[in-house]
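Each chain, letter by letter, is given below.
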Amino acid sequence: MRFIYSLHPSYYLIIKEETTGEIFVSIEVEEGDEVAFHWIHSVEHIPWIEYFVIDEKKNFVLKEIRFKGFGAGIPHDKGEVKVEDGYIVMMDIEEKFEAYQWIHSHTATERITLNGEEIVKSTDLPHHEYIKMAIQER
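Computed from a predicted model, the values in this text were never measured in an experiment.

### Quick word on the nonpolar core
Ranked by internal contacts, the top residues of the largest apolar core, which has 29 residues, are Leu13, Ile15, Val35, Trp102, Ile112 and Met133. The element best represented in this core is strand β5 (residues 60-67), accounting for four residues. With sequence-adjacent residues up to four places away left out, Ile15 is seen in contact with Glu22, Ile23, Phe24, Val25, Trp102, Ile112, Val120, Leu125, Ile131, Lys132 and Met133. Counting five residues, the second largest nonpolar core, distinct from the first, contains Ala36, Ile49, Tyr51 and Val89.

What follows is the structure in structure tokens.
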């Protein structure tokens, strides 16, 4: 019998329901991959996109936020700010998160992408449930 051992662990982006632990997404990722969270602001009803990069410690590093206008609960002073293609863009934010957690809504969350490719659409996750996105080693 022959065993093959990897010198490098594999890492997976996991999206799960926090209460039950049910896993909805498990996809292999590596350092430098970009995760984008596309949603609609609940008060202002404007598109909002958050871009994260996975760092060497498998954190989500918030690099950029794009949205269509200012309003309730929208930051005004994160990173460098510019206007591009009708979006207000906040860049170079560099906030680190071990996990990303939210109460999922089919009317607020549009989709989640990995390196520009859709991995979750709104209806793939249960409505009004606690959801957690994290990186796990396997």
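### A short note on the packing of aromatic side chains
Per the stated rule, a full pass over the model turns up eight aromatic pairs. Taken together, a centroid distance of 5.0 Å and an interplanar angle of 20 degrees make the contact between Trp48 and Phe67 stacked. Of this pair, Trp48 sits in strand β4 (residues 47-54) while Phe67 is found in strand β5, placing the two residues 19 residues apart along the sequence. When sorted by exposure, Trp48 lands in the same class as Phe67, which is buried. Members of the aromatic cluster, connected to one another through ring pairs, are Phe37, Phe52, Phe60, Phe97, Tyr100 and Trp102. Taking NZ or CZ as reference, Lys68 lies 4.3 Å from the ring centre of Tyr87, over its face.

### So, the pattern of salt bridges
In the structure shown here, the tally under the stated rule is seven salt bridges. Two residues, Glu84 and Arg66, come together in a salt bridge whose shortest N-O distance is 2.4 Å. Note that Glu84 is positioned in strand β6 (residues 80-84) and Arg66 in strand β5, a separation of 18 residues in sequence. Looking at Arg66, the relative accessible area reads 14%, which means it is buried. For Glu95, the salt bridge is made with Lys78, and the minimal N-O distance between the two is 2.4 Å.

### Some thoughts on the sheet that holds strand β1 (residues 11-17)
The sheet built from four strands is open, its strands ordered β2-β1-β11-β8 with antiparallel pairing. Looking at the sheet topology across the chains shown, the edges are occupied by β2 (23-29) and β8 (99-103). If you compare each strand with its neighbour and ignore which way they point, the axes differ by 15 degrees on average. Here seven bridges tie β1 to strand β11 (residues 130-137), and the two strands are oriented antiparallel to one another.

### Focus on the sheet that holds β5
Within the open sheet, the seven strands sit side by side as β6-β7-β5-β4-β3-β9-β10. Their pairing is antiparallel. The open sheet has two free edges, formed respectively by β6 and β10 (117-121), since each of these has just one partner strand. Adjacent strand axes in the sheet meet at a mean angle of 25 degrees when their direction is disregarded. Where strand β3 (residues 34-40) meets β4, seven bridges bridge the pair, whose relative direction is antiparallel.

Thresholds applied
- Residues numbered from 1 in each chain as written.
- Predicted model: local features only at pLDDT ≥ 70, side-chain atom pairs only at ≥ 80, totals over all residues.
- Heavy atoms only, no water.
- Core = buried A, V, L, I, M, F, W, Y, C linked by side-chain atoms within 4.5 Å.
- Buried < 20%, exposed > 50% of the residue type's maximum accessible area, 1.4 Å probe, protein only.
- Helix = DSSP H or I, 4+ residues; strand = E, 2+ residues; numbered from the N terminus.
- Contact = heavy atoms within 4.5 Å.
- Phe/Tyr/Trp six-rings, centres within 6.5 Å; stacked < 30°, edge-to-face > 60°.
- Lys NZ or Arg CZ within 6 Å of the ring centre and 35° of its normal.
- Salt bridge = Lys/Arg side-chain N within 4 Å of Asp/Glu carboxyl O.
- Pairing = 2+ DSSP bridges.
- Axes fitted to C-alpha atoms, helices over the stretch in contact; angles between N-to-C directions.

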